[in-house]
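The chain contents come next:
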Amino acid sequence: MATDTTPCTPFANTPDPTSVTSETQYMEAMHELRISVGNPSLRDLTAQANRWKRGSLPRSTLSAMLTRSTVPQRWPIIEAYLRACGLDNDQAIKPWRRAWEQITHGKIAHSPALASREFLAPRQLPIGVSSFIGRNHELDQLDALADGGYPVMVIQGMPGVGKSALALHWAHRRTNEFSDGQIFINLGSHSSRGARLSATEALGQALRALNVPDERIPAGQDERAALFRTHLANRRVLIMLDDAVDPDQIRPLLPGTPTCTVLVTARAGMHDLVVHQDARALALDPLPPAEALDLLRAVVGPDEIAAEPEASKELVKLCGRLPLALRIVAARLHTSHHRQTIADAVIALQEVKGEELGEAIETIFDRSYAGLTPESRLAFRLLGLIKGSTFTSEAATALLAVELPVARRLLTHLADASLIQPTAPDRYCLNDLVRVYAHKLTLDEDDDRARTAALVRLATWYLSKCREISDLLTSESNRPRPILDWIVKERPNLIAIIIHTHELGQSRLAWDLADAGYDLFDLGRYASNSGEVRREAERYLALCRAIDHPQAHARAQEILAALSRPRCASRTEAS
C-alpha cells in the first residue's frame, strides 16, 4: 500500500513548548503535537521526516524516541520530527529548540566546594583504528539507540571480533554531540595484566578526568559514585567503559542524567544490565566475508589481494573473519623480512597449532577460557574435536556423555562467553580460529583415550540418527520437509565424522557410517542446490574410496549418476 506523504498541517491547538520545564513535559508536548495534526502513523511521519532529512532517518529511530520519556540528545532528530508534524519554518521551530536547550544544557547545581574548581571537559578517547572497515549496519544500530534516548549501550561479542574498534569508531563520529567531554576507562577484565579494575578504582579515574583533585575524592565506592553523578548532572558526556566483565563493574559508573551516554564493551554477562538499567545490547559477529576481505585489502594492499584472490579468501576463512586475527596475520605479511605471499601464509596457518597463531590471540582466548567452570572447560575442549561445520545440542549430548538439559546448559554458557556462536535455533558453530585453540587445549589437557571415546560416541550417535531417518523414510510415503532440512544441514558433518572416525582407526564404524549415509546423499539431492550436493557427493565418493569400502563406493557412483538425470518425478515426490 502506498504511503501518504501529504505534508501535515498543524491545527490551532498546537502545544506551546515554552511552558515545559522537564523532559517528561517536553516529550508529552511532542506527542500532543502529533495528535494535533491528526495522529499520523509512524510510517507517514518517517516519510515526511525523510523529505527533510533526505532519506537518512530510519523508522526505528522515531519509534525508539516516541516510546521513551527522555529527550533525545541529538537536536536533528527532534527537528526532523517537528517538521514532519508540519512545523516547516524556522520561526515555528525556534521555541522548541530553545526549550530543548534549556532542558538538556541546564546548569549544574554545584556546591560551593565543587564550584571552586573549574570544570575541564575531558577528551580521553584513544585514537581509533585507521583502517576501520565496514560495520555500517552496527553503526546504524548504535545511532538509532542513541538517537532514541537509550543512555546505556553494550557491545558484546567473542574475543578479537572488534568490539573496542567499533565502539571507538562510533564514539569518534559523535564527539561533537558530547560537548562536555568524553571519558574512556579500560576496565581490563580480560587483559594480560591480570586483575581487573574495580568499580571503585574506575570511579577514581573518572573523577580525576572531571578535574576533581585527589583530596576531594572519597574513599568509599558509594560516595565516589554520588560525587561522579553530581559532576555529570545535566552535562553532555560520553563514557566509554571498555572490556567489562559483569554488571557490578558498570552500575556505579552510570550517570544519573539522561544527557550522558554510556558505551560498554564486554564479551558476555550483561543481561542484568539490560533488565535493570534499561541498557540495550548489540551482539557483534565476525565480519561478513566481503568486509573481512576488504580489511585484508586495506592492510596488505589491493595489488596483493588482486594477485592472489583465492588465497586471500582462504586466509580470511582461516582467520575466522576476526578483525584482530586478520590484522595480526596481515601485519606479519606486511613486515616480513623475507617476501611472503598470501598463499605462504595460508599454508603456514593450515599447518600450525594454536600457539603459533600469535600470542595476542591466544592470550585473549586464555582469559575467556579461564573464566569458565571446569565442566564448561571440558565441554569447550571436546567441542574442538568436531570437524563438521555445525553441531546441535543432541550431538553435544553424545560427544560430552551428558543428558540433554546439561548439554543445553553448557552450550548456553559457552555461547554467553562468546566462545561458540549460535547459527540457528539449537545449532551452533565454532569460529575456525577458536576451533584451533580448543583443539590445542584438548591435545594438551585430555588424554588419547578420552578424546577417542568422545569421538566414538559422536560417530555412534550419527550412525543411530542416520538409521532412524532411513527407517522413517522407508515407512513414509512422503518425505517430510524437516527431515530433508536436517539432511541438508548434516551432510557435511557426516562426511567430516566418517573421515575422522577412519583416521582414528575405527574402520568398522566408518564403514557403517558410510552405509547409513547413503540416504542422506540419495534423498538429499532433492532438498538443496544440485551443484552443492554434487560437490558433497563427490567428497562422499572420495571418502568411500579412502576408507576402502567398495560397496559404499559403488553406491556413491550411483548417486552421482542420478544427479545427472532429470529430477521431475523426484521433485514432485520431495514436495
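Residues numbered from 1 in each chain as written. Predicted model: local features only at pLDDT ≥ 70, side-chain atom pairs only at ≥ 80, totals over all residues. Heavy atoms only, no water.

S.K.: Hey, could you run me through the sheet that holds strand S1 (residues 152-157) in this one?
M.R.: As a general point, the strands of a sheet are linked pairwise by backbone hydrogen bonds and lie either parallel or antiparallel. Reading across the sheet, the five strands line up as S2-S3-S4-S1-S5 and stay open at both edges, with parallel pairing between neighbours. With one partner strand each, in any of the chains shown, strand S2 (182-186) and strand S5 (280-284) form the two edges of the open sheet. The average undirected angle you get between the axes of adjacent strands in this sheet is 15 degrees. Together, S1, strand S4 (261-266) and S5 form the strand contacts of helix H7 (residues 136-147), whose direction differs from that of S5 by roughly 180 degrees. (Pairing = 2+ DSSP bridges. Helix = DSSP H or I, 4+ residues; strand = E, 2+ residues; numbered from the N terminus. Axes fitted to C-alpha atoms, helices over the stretch in contact; angles between N-to-C directions. Contact = heavy atoms within 4.5 Å.)

S.K.: Honestly, the nonpolar core in this entry has me stumped. Any pointers?
M.R.: Within soluble globular proteins, side chains that are nonpolar generally end up buried alongside one another. Among the nonpolar cores identified, the biggest contains 98 residues, and Trp-170, Leu-315, Phe-380, Leu-383, Phe-391, Ile-420 and Leu-513 are the most heavily contacted of them. Ranked by residue count, the leading element in this core is helix H23 (residues 448-475), at nine residues. Discounting residues that sit within four places of it in the chain, Trp-170 has contacts with Leu-139, Leu-142, Asp-143, Ala-146, Met-153, Leu-238 and Leu-263. (Core = buried A, V, L, I, M, F, W, Y, C linked by side-chain atoms within 4.5 Å. Buried < 20%, exposed > 50% of the residue type's maximum accessible area, 1.4 Å probe, protein only.)

S.K.: Where do I start with the environment of Ala-345 in this structure?
M.R.: Mapped onto the elements, Ala-345 comes out in helix H17 (residues 342-351). Using a relative accessible area of 5% as the deciding quantity, one classes Ala-345 as buried. The sequence separation of Ala-345 and Leu-315 amounts to 30 residues, and the corresponding C-alpha distance is 7.4 Å. Aside from chain neighbours lying at most four places away, what touches Ala-345 is Leu-315, Leu-333 and Gln-340.

S.K.: Looking at this structure, how should I read the pattern of salt bridges?
M.R.: Think of it this way: side chains of opposite charge can pair up when their charged atoms draw near. Enumeration according to the criterion identifies 21 salt bridges in this entry. Taking the shortest distance from any N to any O, the salt bridge between Asp-444 and Lys-440 comes out at 3.0 Å. With Asp-444 and Lys-440 both in helix H22 (residues 432-445), this residue pair falls four residues apart, about one helical turn. For Asp-444, a relative accessible area of 52% corresponds to the exposed category. The buried category is assigned to Lys-440, whose relative accessible area is 15%. The partner of Arg-451 in a salt bridge is Asp-448, with the nearest N and O atoms 2.1 Å apart. Taken together, the residues span about one helical turn, with Arg-451 and Asp-448 both in helix H23 at a distance of three residues. Assessed through its relative accessible area of 11%, Arg-451 is described here as buried. Take Asp-448: its relative accessible area is 54%, and that puts it in the exposed class. Each of Asp-143, Asp-147, Arg-173, Arg-174 and Glu-177 takes part in salt bridges that share partners, so that together they form one network. (Salt bridge = Lys/Arg side-chain N within 4 Å of Asp/Glu carboxyl O.)

S.K.: Please clarify how the packing of aromatic side chains should be interpreted in this entry.
M.R.: In this description, an aromatic ring pair is defined by two values, namely the gap between the centres and the angle between the planes. One pass over the structure, following the stated rule, counts five aromatic pairs. Pairing Tyr-369 with Phe-380 gives two aromatic rings, centres 6.1 Å apart and planes at 45 degrees, and the pair type is tilted. Linking Tyr-369 in helix H18 (residues 359-370) with Phe-380 in helix H19 (residues 374-383), this pair joins segments that are eleven residues apart in sequence. Grouping aromatic residues by their ring pairs yields a cluster made of Tyr-369, Phe-380 and Tyr-437. (Phe/Tyr/Trp six-rings, centres within 6.5 Å; stacked < 30°, edge-to-face > 60°.)

S.K.: Honestly, the pairing of S4 in this entry has me stumped. Any pointers?
M.R.: When you tally the buried positions in S4, you get six out of six residues, the bulk of the element. Residues Thr-261, Leu-263 and Thr-265 line one face of S4 and the alternating positions Val-262, Val-264 and Ala-266 line the opposite face, and both faces are buried. Where S1 lies against S4, five bridges are found, and the strand directions are parallel. Counted as the bridge partner of Val-152 is Val-262 from S4. Pairing of strand S3 (residues 238-244) with S4 involves five bridges; the strand directions are parallel. Within S4, the residue paired with Ile-239 across the bridge is Val-262.

S.K.: Would you mind showing me how to read unusual backbone geometry here?
M.R.: Backbone geometry follows two general trends: most residues other than glycine have a negative phi, and most peptide bonds adopt the trans configuration. Non-glycine residue Asn-211 carries a positive phi angle of around 70 degrees. Here Asn-211 shows up in the loop between helix H9 (199-209) and helix H10 (221-232). The residue Asp-426 is not glycine, and still its phi comes out positive at about 60 degrees.

S.K.: Teacher, can you tell me more about the packing of H19 against H22 here?
M.R.: Angle between the axes and distance between the axes are the two parameters that describe a pair of packed helices. It is the contact of H19 with H22, at a shortest axis distance of 7 Å, that shows an interaxial angle of 110 degrees. With respect to their mutual orientation, H19 and H22 come out roughly perpendicular. The two elements H19 and H22 meet at a crossing, and its hand is left-handed. Together, Phe-380, Arg-381 and Leu-382 of H19 and Val-434, Tyr-437, Ala-438, Leu-441, Thr-442 and Glu-445 of H22 make up the contact between the two elements. Split into classes, the residues belonging to the contact of H19 with H22 amount to six nonpolar, one polar and two charged. (Parallel < 35°, antiparallel > 145°, perpendicular 65-115°, else oblique. Left-handed = near helix turned anticlockwise from the far one by under 90°. Nonpolar A, V, L, I, M, F, W, Y, C, P; charged D, E, K, R; others polar.)

S.K.: How should helix H21 (residues 404-416) be read in this particular structure?
M.R.: Given 3.6 residues per helical turn, the α-helix brings residues three or four places apart onto the same face. With 13 residues, H21 extends 18 Å between its outermost C-alpha atoms, agreeing within 8% with the 18 Å of an ideal straight helix rising 1.5 Å per residue. Those residues of H21 that fall on the buried side of the exposure criterion are Ala-407, Leu-410, Leu-411, Leu-414 and Ala-415. When H21 is viewed along its axis, its buried side chains cluster within an angular range of 135 degrees and face the same direction. Downstream of H21 by one or two residues, Ser-418 has phi in the positive range, about 60 degrees. (Expected span 1.5 Å × (residues − 1). Arc of directions from axis to C-beta.)

S.K.: Just to check I follow, could you spell out the environment of Trp-75 for this structure?
M.R.: Tracing the chain through its elements places Trp-75 in helix H4 (residues 75-84). As a C-alpha pair, Trp-75 and Glu-177 span 102 residues in sequence and 9.4 Å in three-dimensional space. The contacts of Trp-75, once residues within four sequence positions are left out, are Tyr-26, Leu-82, Ile-93, Trp-96, Arg-97 and Trp-100.

S.K.: Looking at this structure, I do not really get the side chain of Asn-493. What am I missing?
M.R.: Along the chain, Asn-493 turns up in helix H24 (residues 481-503). Looking at Asn-493, the relative accessible area reads 2%, which means it is buried. One polar contact links Asn-493 to Glu-490, side chain to side chain, over a distance of 2.9 Å. (Polar contact = N/O pair within 3.5 Å; in protein donor to acceptor, adjacent residues only side chain to side chain.)

S.K.: Please clarify how the environment of Arg-229 should be interpreted in this entry.
M.R.: Here Arg-229 lies in helix H10. Accessibility expressed as a relative area gives 36% for Arg-229, which makes it partly exposed. Once the C-alpha coordinates of Arg-229 and Gly-256 are considered, the two residues, 27 residues apart in sequence, prove to be 5.5 Å apart. Excluding residues that lie within four positions of it along the chain, Arg-229 makes contacts with Leu-254, Pro-255 and Gly-256.

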